[in-house]
Amino acid sequence: QSYSLLAPYKDKIRNDWLKIHTPFVPTDDDAVYIHVRRTDYLGDDLSPERNCQATTLDEYAACLERFPDVRRSYIVTDDCNDPFIGELEDMLVEDFKHTVIVGVGTWDEDWLTLASCKNLIMSQSTFSFWAAFLGRPTKIACPVFPGTFWGNGYRQEKCDKYPNLEVTDDPGKEWIWVRE
C-alpha cells in the first residue's frame with residue numbers, strides 16, 4: 001500500500017481502470033463526512049505493528065479542527081450499533097456544535113457516499129482512501145498519528161512493512177495528513 005506505486009498511473013487509474021460509472025449520490029457540500037471503521041479494527045489481538053486499529057475520539061477531533069466552518073457531520077460506519085458512535089455524536093454536538101446524521105447504508109452505498117462528498121475525514125482504511133482518491137472530495141483529512149499502522153509508514157518512501165498512501169500531487173484536492 002504505497003502511493004509511490006500508484007502515482008505514475010494516477011490518471012489511468014481514475015479515467016480508465018477504476019473510473020466510477022455509477023452516478024454520484026447527492027451529498028451536503030456544507031458538511032463533513034466521517035468514515036468510522038469499527039468491526040474488524042477492534043480487538044485485543046490488534047497491534048499497530050501489524051494492523052490498522054479504530055480511530056480514536058481524539059484523532060477524529062484533530063481532523064475535525066481542519067474543518068472550522070463546517071457545522072454538520074455525517075457519520076458513515078460499518079457498525080452504527082457500536083457505542084463509540086454515540087460517543088462520537090456527543091463529541092460532535094458538544095465540542096464542535098455540529099448537527100449529526102448517522103448513515104445506515106450497505107457497504108456500496110457507504111462507499112459511494114464517501115466518494116460523492118466534498119469534505120471527508122477518512123479512517124486508516126483503503127475503503128475510504130479509494131473513495132477519496134477516485135471520488136469528488138476536495139478536502140480530505142486522514143489521521144496518521146505516530147504509533148498507528150499508517151502513522152508508522154507516513155513519509156517512508158520505501159517501506160514494505162507499513163502503508164504510505166500520502167497523496168502529494170493532486171491539484172484540486174487538499175489532502176491533509178493529521179499527525180497531532
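Above: the structure in question.
Okay, so let's go over this structure. Bear in mind the structure is a predicted one, so any value in this text is a computation, not a measurement.

Reading the values: rules and limits
- Residues numbered from 1 in each chain as written.
- Predicted model: local features only at pLDDT ≥ 70, side-chain atom pairs only at ≥ 80, totals over all residues.
- Heavy atoms only, no water.
- Phe/Tyr/Trp six-rings, centres within 6.5 Å; stacked < 30°, edge-to-face > 60°.
- Helix = DSSP H or I, 4+ residues; strand = E, 2+ residues; numbered from the N terminus.
- Buried < 20%, exposed > 50% of the residue type's maximum accessible area, 1.4 Å probe, protein only.
- Contact = heavy atoms within 4.5 Å.
- Pairing = 2+ DSSP bridges.
- Axes fitted to C-alpha atoms, helices over the stretch in contact; angles between N-to-C directions.
- Core = buried A, V, L, I, M, F, W, Y, C linked by side-chain atoms within 4.5 Å.
- Parallel < 35°, antiparallel > 145°, perpendicular 65-115°, else oblique.
- Left-handed = near helix turned anticlockwise from the far one by under 90°.
- Nonpolar A, V, L, I, M, F, W, Y, C, P; charged D, E, K, R; others polar.

1. Considering the packing of aromatic side chains
- Within this structure, the stated rule accounts for 10 aromatic pairs.
- Ring centres of Tyr3 and Phe133 lie 6.2 Å apart, and the angle between their planes is 70°; on these two criteria the pair is classed as edge-to-face. Residue Tyr3 is located in helix H1 (residues 3–6), and its partner Phe133 is located in helix H6 (residues 126–134); the two are separated by 130 residues in the primary sequence.
- With a relative accessible area of 4%, Tyr3 lands in the buried category.
- Overall, Phe133 belongs to the buried group, its relative accessible area being 0%.
- Aromatic side chains Phe149 and Tyr162 sit 5.8 Å apart centroid to centroid with 75° between the ring planes, which places their arrangement in the edge-to-face category. Of this pair, Phe149 sits in helix H7 (residues 149–153) while Tyr162 sits in the loop between H7 and strand E6 (174–178); the two residues are 13 residues apart in sequence, bridging distant segments of the chain. Summarising the burial analysis for this pair, Phe149 and Tyr162 share the class buried.

2. Things to note about helix H5 (residues 107–116)
- Three or more residues of H5 are buried, namely Asp110, Trp111, Leu112, Leu114, Ala115 and Ser116.
- Those residues of H5 that are buried are in contact with strand E1 (31–36), strand E2 (72–77), strand E4 (119–121) and H6.

3. Examining the sheet that holds strand E5 (residues 139–143)
- Taken together, six strands build an open sheet; the order of strands is E3-E2-E1-E4-E5-E6 and the sheet is parallel. What marks the edges here is a single partner per strand, and that holds for strand E3 (99–103) and E6. Each neighbouring strand pair of the sheet contributes to a mean axis angle of 20°, computed without reference to strand direction.
- Its contacts with the sheet put H5 on E1, E2 and E4, and the angle it makes with E2 is roughly 145°.
- Sheet strands in contact with H6 are E1, E4, E5 and E6, and its direction is about 155° off that of E6.

4. Examining the environment of Ser123
- Here Ser123 shows up in the loop between E4 and H6.
- When its relative accessible area of 1% is taken as the criterion, Ser123 is described as buried.
- C-alpha separation for the pair Ser123 and Glu59, spaced 64 residues apart in sequence, amounts to 9.7 Å.
- The residues contacting Ser123, other than those within four sequence positions of it, are His35, Arg37, Thr55, Tyr60, Ser128, Cys142 and Trp150.

5. Digging into the nonpolar core
- Membership of the largest hydrophobic core comes to 34 residues, with the highest contact counts inside it found for Leu120, Met122, Phe129, Phe133, Trp150 and Trp175.
- Where this core is concerned, the elements lending two or more residues are H1, E1, E2, H5, H6, E5, H7 and E6.
- The biggest single contributor to this core is H6, with five residues.
- Not counting the four nearest positions on each side in its chain, Leu120 is found in contact with Val32, Tyr33, Phe67, Leu114, Ser128, Ala132, Pro137, Lys139, Ile140 and Ala141.

6. A word on the packing of helix H3 (residues 57–64) against helix H4 (residues 83–96)
- Axis separation between H3 and H4 bottoms out at 11 Å; the angle between their running directions is 40°. By the angle class used here, H3 and H4 are oblique. The way H3 lies across H4 gives a crossing that is right-handed. Touching Leu57, Tyr60, Ala61 and Leu64 of H3 are Phe84, Glu87, Leu88, Met91, Leu92 and Phe96, all from H4.
- Of the residues assigned to the contact of H3 with H4, the class counts are nine nonpolar, no polar and one charged.

Without other data, these values stay purely geometric and don't point to any function.
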